Every structure is written in structure tokens, then in C-alpha cells.
Amino acid sequence: MLAVVGPGAVGGLLAALLHRAGEDVVAVARPATAQRLLADGLHVRSELYGEWTAHLPVATEAPDGAAVVLAVKAYALPHVLPDLVTARPAEVLALLNGTAHAETLRRAGLPVAGASIQVESMREGGAVVHRGGFCNLTVPDDAASWRTTRALEGAGVAVRAGGTETEVLWRKYAFLAPMALLTSWTDAPIGPALEREPALAAGLVAEVAAVATAEGVPTEPAGLDRALRRLPETMRSSLQHDVHAGGPAEIEALGGDLLRLAERHGIDVPVLARLVGDVRGRLR
Ligand SMILES: NC(=O)C1=CN([C@@H]2O[C@H](COP(=O)(O)OP(=O)(O)OC[C@H]3O[C@@H](n4cnc5c(N)ncnc54)[C@H](OP(=O)(O)O)[C@@H]3O)[C@@H](O)[C@H]2O)C=CC1
Ligand SMILES: CC(C)(CO)C(=O)C(=O)O
């Protein structure tokens, strides 16, 4: 059986797609969300997949031996970890942004693959709203034939294998961290943020590229800069959304962890330290 732990913006979309594709899937949610999903179903509005309500099985604990798609926010990981360990899952395909979670899950004895998902999904008024017309999943090569991977592909997600887990996670992280930190710090979409703070943006991509490279994924600042400038100008990040709302937010996964890695590698990161410090301050 498949289980989607954390049926929020990303997990909810994937759980509904898996259910619509005829998979034996359960949404594993906290009690209030579980009750709501049982009563109303999981309503999805997607530019890519259409609009429907999935009346899928719901539980508050992962079933024993399930193949798990994990889609909680990074700050929720300590809360769901004990239950996940108890469930002895066959596999855990982790879709969280960041890099540190994969090691945390592995240290807990879980058979994990850290994957990255490119999607723009939000929970709005009880529904999952998926914008942008894309839903791309990159998994490590050794998870390409996993049950979860194949089921998601069969359900309509664009899946590709992208090398080692470190490469898969860092390729997204090196680009997402500057994007998320700049938009959150300026509280502006990426276009205006880059225009307003060119020096900060340049410093930030240089620092993040240096940390990514030290972690074994050679990364050029110019490549990160180009990737940021190719984004739609109006694009915002989920970190920005959560910081704007006063938290909780994934600032440790998207900034704090980078600071810790920079320190470990002896890399000077004044811009990163300033942005992370300011954003942490707003969340206190
Ligand atoms: N949204 C997006 O477009 C993208 C998000 N991501 C990443 O995917 C991951 C999931 O993000 P997203 O789907 O947006 O997050 P959401 O907040 O929308 O969903 C998280 C889900 O985890 C559940 N959860 C379980 N336990 C806890 C707990 N103890 N505390 C808080 N939540 C808990 C939430 O429960 P409840 O329903 O009770 O709140 C919710 O169902 C993040 O790492 C994010 O960075 C990656 C790409 C794009
Ligand atoms: C930038 C985006 C929407 C890309 O998938 C994302 O992952 C996030 O904001 O957390």
C-alpha cells in the first residue's frame, strides 16, 4: 500500500492523483485534517490535471510496511518521525525542500530517498490549488524503480532520475535557497527582489555556490544567477508566504542548515548570515 504522509499542498495533490489513478493509497494526516478529509474529501484545482474531489482513505498513522511519500514541512519532521519509524515503511520517498532531512531519516533507520519536486501548489480555503502547469519530480537513480516513483509517474507526474541523492537535492537547494531567502527578506516576488537588491543577490548566490561546491556538487554563481533571472518575475516562494504569515516557516532547512554547512567548511558567508538572521528575527 502507498501512504502520503502530510497531505498538504504538495502531498494533497499527489495523494489525489494517486487515488485517481486507481492506486491503493492512504492520506496520513493530523487528526483535524484527517477529519476534514474524511468529511469533505480532498478537493484539487489544477491547471494541469483539472478539478476534482478525491474521496480517499485517511489515517492518522502510517500503515505498517507502506511505501511512503513524505511531504511534511521540514519543521514537522521531528513530530512525524517516531510514527514513521514505528510503521517500518518499505520505502520513504522524501519530497521536502532542503538537504538535511534525508540524513535525519536515514539515521532513524528508514529506507529513504531524498527527491526534489518542482511544483507550485498551495492550500487555499480547504482546497489544493496547483498553478503553473508543471509537476516535475526528480529522484535519485537508485530510487527510479521504487514503488512510489512508478506510481507517481503512472498518476501523471513527470518523473526523471537525476543522479545521486546529493546531486538531486543540491541542484534544487542551491537555486531554491537564494530564491526563498531573497523573496522572504524583501517580501517581494523574485523579479522586484533581484532588481531592488542586486548586490545582496550577487553575494548570496556566490556564497551558496561555494557551499554547494564544498558539499561535492560543483556549482557556478553565474549559473545560479541565470536560473533566478529565468524565473517568472512574479514568482514567490513558500518560505516567503510562511514568513509573511508570521510562521512557522522552513528557515532552518532553507537557511540555517546552509549556515551550519558553511561553518563546517570554513566558508565566510556574511550575506547569508545577515538574511537568515533577519528572517529568524521576524519569526520570533
Ligand atoms: N508548496 C509547494 O509548491 C512546494 C513545496 N515543497 C516542499 O514540500 C514540503 C511540503 O510543503 P507543502 O506541501 O507546501 O506544506 P503544507 O504545509 O501545505 O503541507 C504539509 C502537510 O504536513 C502535515 N503535517 C503533519 N504533521 C505536521 C506537524 N507536526 N506540523 C505541521 N504540519 C504537519 C500538514 O498537516 P495539516 O494538514 O494538519 O496542517 C500538512 O498536511 C516542504 O518541504 C516544501 O518546502 C517543494 C516544492 C514546492
Ligand atoms: C520555488 C518553488 C515553488 C519551486 O517548486 C518551491 O519549491 C518553494 O517555494 O518551496
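What you are looking at is a predicted structure, and each value in this text was computed from that prediction instead of being measured.

Cut-offs used in this document
Residues numbered from 1 in each chain as written. Chains lettered and ligands numbered in written order. Predicted model: local features only at pLDDT ≥ 70, side-chain atom pairs only at ≥ 80, totals over all residues. Helix = DSSP H or I, 4+ residues; strand = E, 2+ residues; numbered from the N terminus. Rg over C-alpha atoms; globule rule 2.2 N^0.38 Å. Buried ≥ 20, exposed ≤ 12 C-beta atoms within 10 Å, placed from the backbone. Contact = placed C-beta atoms within 7 Å. Near = placed C-beta within 6 Å. UniProt positions renumbered as here; feature names shortened; annotations may be inferred. Expected span 1.5 Å × (residues − 1). Arc of directions from axis to C-beta. Domains from an automatic or database assignment.

### Quick notes on the overall build of the protein chain
Of regular secondary structure, the protein chain possesses 12 helices and 11 strands. Relative to the 2.2 N^0.38 estimate, which gives 19 Å for 284 residues, the radius of gyration of the protein chain is 18 Å and therefore close to what a compact globule would have. Seen through its principal axes, the protein chain has C-alpha atoms that stretch 50 × 35 × 35 Å. The 284 residues of the protein chain split such that 46% are buried. When contacts within the protein chain are restricted to residue pairs at least 6 apart in sequence, those whose partners lie at least 24 apart make up 64%.

### Section: the site of ligand 1
Around ligand 1 there are 27 residues in total, and Gly6, Gly8, Thr33, Ala76 and His79 lie nearest to it. Of all the secondary-structure elements, those providing two or more residues to the shell around ligand 1 are helix H1 (9–20), helix H2 (31–40), helix H3 (77–87) and strand E9 (116–124). With five residues, the single largest contributor to the shell around ligand 1 is E9.

### A look at the UniProt feature "domain: Ketopantoate reductase N-terminal" (unreviewed entry) in the protein chain
Cross-referencing UniProt, the feature "domain: Ketopantoate reductase N-terminal" (unreviewed entry) maps to residues 3–132 in the present numbering. End C-alpha atoms of residues 3–132 are separated by 26 Å, and the span's content is 32% helix alongside 35% strand.

### Concerning unusual backbone geometry
Here Gly247 and Pro248 are connected by a cis peptide whose omega angle stands at 0°. Despite not being glycine, Arg88 has its phi angle at roughly 45°, a positive value. Looking at the secondary structure, you find Arg88 in the loop between H3 and strand E7 (91–94). Overall, Arg88 belongs to the partly exposed group, with 13 C-beta atoms counted inside 10 Å. Even without being a glycine, Asp187 presents a positive backbone phi close to 50°. Along the chain, Asp187 falls in the loop between helix H6 (165–186) and helix H7 (190–196).

### Structural notes on helix H12 (residues 270–283)
Helix length check: H12 (14 residues) gives 20 Å between terminal C-alpha atoms against 20 Å at 1.5 Å per residue, within 8%. Every buried residue of H12 is listed here: Val271, Leu272, Leu275, Val276 and Val279. The buried residues of H12 all sit within an arc of 120° when viewed along its axis, so they share a single face. Of the residues in H12, the exposed ones pointing more than 90 degrees away from the buried face are Pro270, Gly277, Asp278 and Gly281.

### A short note on the site of ligand 2
For ligand 2, the full set of nearby residues is Asn97, Gln118, Val119, Glu120, Leu176, Met179, Ser237 and Ser238. Per-element tally for the shell around ligand 2: the top contributor is E9, with three residues. Residue-level mapping places the shell around ligand 2 at the junction of two domains, with at least three residues from each of domain 1 (2–163) and domain 2 (166–283).

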